[in-house]
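# Observations on the model geometry
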Amino acid sequence: MAFELPALDYDYSALEPHIDARTMEIHHTKHHNTYLTNLNNAIAGTDLEGKSIEDILGNLSPDQGGLNFNGGGYDNHCIFWKNMSPNGGGEPGGDLAAVIGDFGAFKEEFSTKAVTVQGSGWAWLCTKPGSGSVEIKQMPNQTSVRTEGYVPLLGVDVWEHAYYLNYQNRRPDYVAAWWNVVNWDDVAARFAAAK
Ligand code: MN3
């Protein structure tokens, strides 16, 4: 069974004015779809066919750069869409709020790590399974935090394709606006599942 492009839970225009519809449509139907296609082509006819994306990304060898890129790109975007909601924003609650601690300090550190990614990449809130704690990591290109044994909880895509139409070179403005669509219920569910 090949991997599939997931449908979004909301319309392409639903995250406006923070993320514009055209960016969302191109990002989903072109960029995400390309990672998906390349991932499926890479695993077709190999013993990776039928394995979960968590299994594939968690067991990469150094010579599997294509899988690192396209598998990571596929998985990162699946999470990214779920991490956002038209009813998002605000702050986390419950166990997640407790481990994050001071939300203002967290938001500042996460934003700085996102804005200062050199070239293309992501910032991630992630956890080591069973640790009960969280970390913020910068990841280059499409490399998944799963390659380092982490479970991804919340990610922001800072590739230019994620914001250039609306924000041009203003990555800090895009990251600041993105907080308004963060789906904390989804992030909390991922943390609860990984604890
Ligand atoms: Mn992207």
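In short, a report on the structure. (Residues numbered from 1 in each chain as written. Predicted model: local features only at pLDDT ≥ 70, side-chain atom pairs only at ≥ 80, totals over all residues. Heavy atoms only, no water.)

## A word on the overall build of the protein
- A count of helices and strands for the protein gives 8 helices and 3 strands.
- Secondary structure elements in the protein, listed N-terminal to C-terminal, are α-α-α-α-α-β-β-β-α-α-α.
- For 195 residues, the compact-globule formula gives about 16 Å, and the C-alpha radius of gyration of the protein, at 16 Å, lands near that figure.
- Considered along the principal axes of its C-alpha atoms, the protein spans approximately 45 × 40 × 30 Å.
- Scored against the burial criterion, the 195 residues of the protein give a buried share of 46%. (Helix = DSSP H or I, 4+ residues; strand = E, 2+ residues; numbered from the N terminus. Rg over C-alpha atoms; globule rule 2.2 N^0.38 Å. Buried < 20%, exposed > 50% of the residue type's maximum accessible area, 1.4 Å probe, protein only.)

## Observations regarding the packing of aromatic side chains
- Within this structure, the stated rule accounts for 17 aromatic pairs.
- Between the aromatic rings of Tyr163 and Tyr174, the centroid separation amounts to 5.0 Å while the plane-to-plane angle is 20°, which identifies the pairing as stacked. Of this pair, Tyr163 sits in the loop between strand E3 (151-157) and helix H6 (164-167) while Tyr174 sits in helix H7 (residues 171-178), and the two are 11 residues apart along the sequence. With respect to class, Tyr163 is no different from Tyr174; both count as buried.
- Every member of this aromatic cluster is reached through a ring pair, and the members are Phe103, Phe106, Phe110, Trp178, Trp179 and Trp184.
- The lysine or arginine in question, Lys128, covers the ring of Tyr150, its NZ or CZ lying 4.3 Å from the ring centre. (Phe/Tyr/Trp six-rings, centres within 6.5 Å; stacked < 30°, edge-to-face > 60°. Lys NZ or Arg CZ within 6 Å of the ring centre and 35° of its normal.)

## Observations concerning the pairing of strand E1 (residues 121-127)
- For E1, the buried fraction is high: 7 of the 7 residues fall into the buried class.
- Residues Gly121, Ala123, Leu125 and Thr127 line one face of E1 and the alternating positions Trp122, Trp124 and Cys126 line the opposite face, and both faces are buried.
- Inspection of the sheet shows E1 paired to strand E2 (residues 135-140) by 6 bridges, in the antiparallel sense. From the neighbouring strand, Cys126 faces E2, where its bridge partner is Glu135.
- Summarising the sheet, E1 and E3 pair through 6 bridges and their orientation is antiparallel. If you follow Leu125 over to E3, its bridge partner there is Leu154. (Pairing = 2+ DSSP bridges.)

## A closer look at the coordination of the manganese ion
- Of the protein atoms, only His27 (NE2), His77 (NE2), Asp157 (OD) and His161 (NE2) coordinate the manganese ion, at distances of 1.9 to 2.1 Å.
- Overall, Asp157 belongs to the buried group, its relative accessible area being 0%. (Donors = N, O, S within 2.8 Å, 3.2 Å for Na, K, Ca; no water.)

## Overview of helix H5 (residues 103-115)
- Helix length check: H5 (13 residues) gives 18 Å between terminal C-alpha atoms against 18 Å at 1.5 Å per residue, within 8%.
- In the core, the buried residues of H5 are packed alongside helix H4 (94-100), E1, E2, E3, H7 and helix H8 (184-194).
- By the N-cap criterion, in which a side-chain oxygen at the helix start approaches the backbone nitrogen of a residue two or three places on, H5 is capped by Asp102, the distance to Gly104 being 3.0 Å. (Expected span 1.5 Å × (residues − 1). Contact = heavy atoms within 4.5 Å. Polar contact = N/O pair within 3.5 Å; in protein donor to acceptor, adjacent residues only side chain to side chain.)

## Concerning unusual backbone geometry
- Here the residue pair Glu16 and Pro17 is connected by a cis peptide bond, since its omega of 5° sits within 30 degrees of zero.
- By the element assignment, Pro17 lies in the segment before helix H1 (21-43).
- With a phi close to 55°, Asn141 is a non-glycine residue in the positive phi region.
- Locating Asn141 in the fold gives a position in the loop between E2 and E3.
- Even without being glycine, Gln168 reaches a positive phi, approximately 50°.
- Residue placement: Gln168 occurs in the loop between H6 and H7.
- We classify Gln168 as partly exposed; its relative accessible area is 30%.

## Topic: H7
- Where H7 is concerned, the buried positions are Arg171, Tyr174, Val175, Ala177 and Trp178. Around the axis of H7, the buried residues are gathered within 165° of arc, so they sit on the same side.
- Among the structural elements, helix H3 (65-82), H5, E3 and H6 are those in contact with the buried residues of H7. (Arc of directions from axis to C-beta.)

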